[in-house]
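# Secondary and tertiary structure notes
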Amino acid sequence: MRSSAAPATPLAQRVRGLEMPWNRVLSSTAGPAGAATALGPWHPQEFTAECVETIPEAGGMMVFVFRRMDGAPLAFRSGQYINIDFPIDGPNAEPASRSYSISSAPTEPWTFSITIKCDEKGRVSPWAHENIRPGTTLDMLGPVGAFHLADYDRRARFLLLAAGAGITPLMSMIRTVHALPGQADVVLLYHGSAPDSFAFSEELDFLAKADFRIKVIYCLGDRECGEEWTGRTGRLSQELLEELVPDANGRQVFACGPEGYLNSATELLRSVGVDDTSVFMEFFSGDREIRAEYAEEVAIAGEIAEEIAATTEEYFESQPAALDLYEPEYDADGPIEAVGAPTEAVDAEAVVPVEDEVEIEVVGVTDENLAEAGPGSASNAGSTGSAGSRTAASATGSSDDDETEVVDPAALPTVGEGEHTMSFVRTGLNVCVGEDETVLQAARKAGVKIPANCQEGMCGSCKIVKLDGDVEMNHLGGIRAREIDAGKFLPCCSTAKTDLVIDA
């Protein structure tokens, strides 16, 4: 007998456990996935990174978003840290070296974030808050550290204990779990000193709401709080753990915070039955012994980085040619920095400036020409747009009106050979074309930039406007009739029948 009830919604399906994506990358020996192996994943490297964004956070913290200057992604594991040289006393003085956890997820490796809490009594953190801005470059070493999620975990049940700034490496873990499709169970118990001291709280609230695998519990310790506080209170204790995480025994525990907090956590976790082998701790402050351990880790990472740097060129030369995309270029001083737009620090809420439009008047192109080309173009008579027009204008002069520039096709330089001449008024170039050559072929040969994908008249990505002249177009559906009426055509499948004036 068939039920008349509505069919039940299928349960969401996930792979068992949590698997980091690089596992499959590393097991791949060929094909596109193999390209990632050329990055030298998670081996410590010395590199220079540029700050591209600063984001104030609660609890006196600031998030600094960086990207590597050599253009490579940063491969690391969730929870690891970077050792950074801060030029506090100037570029010629010995820098102050400090280690900070990476708070971003390795699933987004093209930029990475360091979150620094400002300690007014400290030497480095106040300088970082005051001086690091977009465009600031710093020398770094990393990734470093054994405090991280496993690459593969079938159980994937975690208890994350954070106090204050100890949230930073755990934030990377939570972001990573959320980014991956695996089956996981995460409980974050986050202690803070005041209701407004919890960094990333807005994002954590969102993740807890959007991802059923993540549970976030805020706790204020034993400090007084107002009635508006709806979270938990009380220091970390056996009673608190047993109440909030009764299944703590069976979870892997990652804890980060001040030394006293972690020492207390060590004893309490034992009292609730968590085995020491399931507990991993990261101190962001500590005694001389702890600092010495970190210094030793950084020293070892430096040695590895030097070995890798010495063999980098040989390493890249051994890669298949298809991996050249990631190969840096070198000069006598090492890898050449990636070329990109210069970074300029601006107010994050500043209005993005918009350049005034500059119109173009094309000598010899009249309303009648455009009317013949199509009704849509007629509306642009003597005004073909703005972007790129200055190049053409510089070859021909400009009118008295600063917002209107005059382009005379006859005055533009001419290249190529062929029966007809195509005047690209925005580029500022005449290109001769033969009757059997497509407009796109001739244009590209001359260096005129026209985006094009299929080059068979199907996709329409090369669509441009013809201001004067006739073409024969044999498209495969990449342009609509009304666009043709508006004077547009596809240069990839068009040949010139007369001289042309083109808005490109």
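Preceding this section is the structure that the text describes.
Presented here is an overview of the structure given in this document. No experiment lies behind these values; they were computed from the predicted model shown. (Residues numbered from 1 in each chain as written. Predicted model: local features only at pLDDT ≥ 70, side-chain atom pairs only at ≥ 80, totals over all residues. Heavy atoms only, no water.)

### Observations regarding the overall build of the protein
Within the protein, the regular secondary structure consists of twelve helices and 25 strands. Here the protein holds 504 residues, and the buried ones make up 44% of them. Of the contacts made within the protein by residues no fewer than 6 positions apart, 66% connect residues no fewer than 24 positions apart. Summing over all exposed atoms, the protein offers an accessible surface of approximately 26,900 Å²; the carbon and sulfur share of this is 49%. (Helix = DSSP H or I, 4+ residues; strand = E, 2+ residues; numbered from the N terminus. Buried < 20%, exposed > 50% of the residue type's maximum accessible area, 1.4 Å probe, protein only. Contact = heavy atoms within 4.5 Å. Areas by Shrake-Rupley, 256 points an atom, 1.4 Å probe, with all protein chains shown as cover.)

### A word on the sheet that holds strand E18 (residues 414-415)
The strands making up a sheet associate through hydrogen bonds between their backbones, and the pairing can be parallel or antiparallel. With mixed pairing, the six strands of this open sheet are ordered in space as E18-E20-E19-E25-E21-E23. Pairing within the sheet leaves two strands with one partner each, and these edge strands are E18 and strand E23 (488-489). Examined bridge by bridge, strand E21 (residues 464-468) and strand E25 (residues 500-503) share three bridges and lie antiparallel to one another. When the bridges of E25 are listed, Asp468 appears paired with Val501. (Pairing = 2+ DSSP bridges.)

### Re the packing of aromatic side chains
This structure, assessed with the given rule, holds eleven aromatic pairs. Ring geometry for Phe86 and Tyr100: centres 6.0 Å apart, planes at 85°, overall edge-to-face. In this pair, Phe86 is assigned in strand E4 (residues 81-86) and Tyr100 in strand E5 (residues 96-101), connecting sequence segments 14 residues apart. As far as burial versus exposure is concerned, Phe86 and Tyr100 are alike and both buried. An aromatic cluster is present here, built from Phe147, Phe158, Phe254 and Phe280 joined pairwise through their rings. (Phe/Tyr/Trp six-rings, centres within 6.5 Å; stacked < 30°, edge-to-face > 60°.)

### Some thoughts on the environment of Ala248
On the secondary structure map, Ala248 appears in the loop between helix H5 (238-244) and strand E12 (252-257). Taking relative accessible area as the criterion, Ala248 reaches 1% and is therefore assigned buried. Once the C-alpha coordinates of Ala248 and Gly273 are considered, the two residues, 25 residues apart in sequence, prove to be 7.7 Å apart. Ignoring anything within four residues of it in the chain, the contact list for Ala248 reads Leu159, Val272 and Val274.

### What to know about the pattern of salt bridges
Following the criterion strictly, the structure yields 16 salt bridges and no others. A salt bridge links Asp151 to Arg77; its shortest N-O distance comes to 2.8 Å. Residue Asp151 is located in the loop between strand E7 (137-144) and strand E8 (152-153), and its partner Arg77 is located in the loop between strand E3 (61-68) and E4; the two are separated by 74 residues in the primary sequence. Exposure class is identical for Asp151 and Arg77. Each is buried. Asp89 serves as the salt-bridge partner of Arg123, at 2.6 Å between the closest nitrogen and oxygen. Separated by 34 residues along the polypeptide, Arg123 in the loop between strand E6 (112-117) and helix H2 (125-131) and Asp89 in the loop between E4 and E5 bring together distant segments of the chain. It is possible to trace a salt-bridge network through shared partners that takes in Arg157, Asp185, Asp247 and Arg251. (Salt bridge = Lys/Arg side-chain N within 4 Å of Asp/Glu carboxyl O.)

### A short note on the packing of helix H3 (residues 167-179) against helix H4 (residues 201-210)
Put simply, H3 and H4 touch, their axes get as near as 11 Å, and they point 35° apart. In this structure, H3 meets H4 at a crossing whose hand is left-handed. On H4, the residues that touch Met171, Ile174, Arg175 and His178 of H3 are Glu203, Leu204 and Leu207. Taken together, the residues of the contact of H3 with H4 break down into four nonpolar, one polar and two charged. (Axes fitted to C-alpha atoms, helices over the stretch in contact; angles between N-to-C directions. Left-handed = near helix turned anticlockwise from the far one by under 90°. Nonpolar A, V, L, I, M, F, W, Y, C, P; charged D, E, K, R; others polar.)

### What to know about the sheet that holds strand E13 (residues 279-283)
A sheet is described by the order of its strands in space; here five strands give the open sequence E11-E10-E9-E12-E13, paired in parallel fashion. Among the strands making up the open sheet, the edge pair consists of strand E11 (214-219) and E13. Strand-to-strand, the axes of this sheet are offset by a mean angle of 15°, without reference to chain direction. Note: strand E10 (residues 185-191) against E11, six bridges, orientation parallel. Counted as the bridge partner of Val187 is Lys215 from E11. On the sheet, H3 packs against strand E9 (157-163), E10, E11 and E12 and is oriented at approximately 150° with respect to E9. Of the strands in this sheet, E9, E10, E12 and E13 are in contact with helix H6 (residues 259-271), which crosses E13 at around 170°.

### Let's talk about the pairing of E21
When a strand is regular, its side chains alternate between the sheet's two faces. Burial within E21 is extensive, with four of its five residues counted as buried. Across two bridges, the pairing between E21 and E23 is antiparallel. The residue bridging Ile464 from the neighbouring strand is Phe489, located in E23.

### Section: the side chain of His420
Tracing the backbone through its elements, the reader meets His420 in strand E19 (residues 420-424). In terms of polar contacts, His420 uses its side chain to reach the backbone carbonyl oxygen of Lys497, at 3.4 Å. What His420 contacts, discounting residues up to four positions off in sequence, is Val431, Cys432, Val433, Glu435, Ala496, Lys497, Thr498 and Asp499. (Polar contact = N/O pair within 3.5 Å; in protein donor to acceptor, adjacent residues only side chain to side chain.)

### A word on unusual backbone geometry
For the peptide bond that leads from Gly142 to Pro143, omega is 5°, which places it in the cis range. With respect to the helices and strands, Pro143 occurs in strand E7. The residue Ala156 is not glycine, and still its phi comes out positive at about 50°. Relative to the helices and strands, Ala156 is located in the loop between E8 and E9. Given the relative accessible area of 0%, Ala156 is considered buried. Its identity is not glycine, yet Phe200 carries a phi of approximately 65°, on the positive side. Here Phe200 shows up in the loop between E10 and H4.

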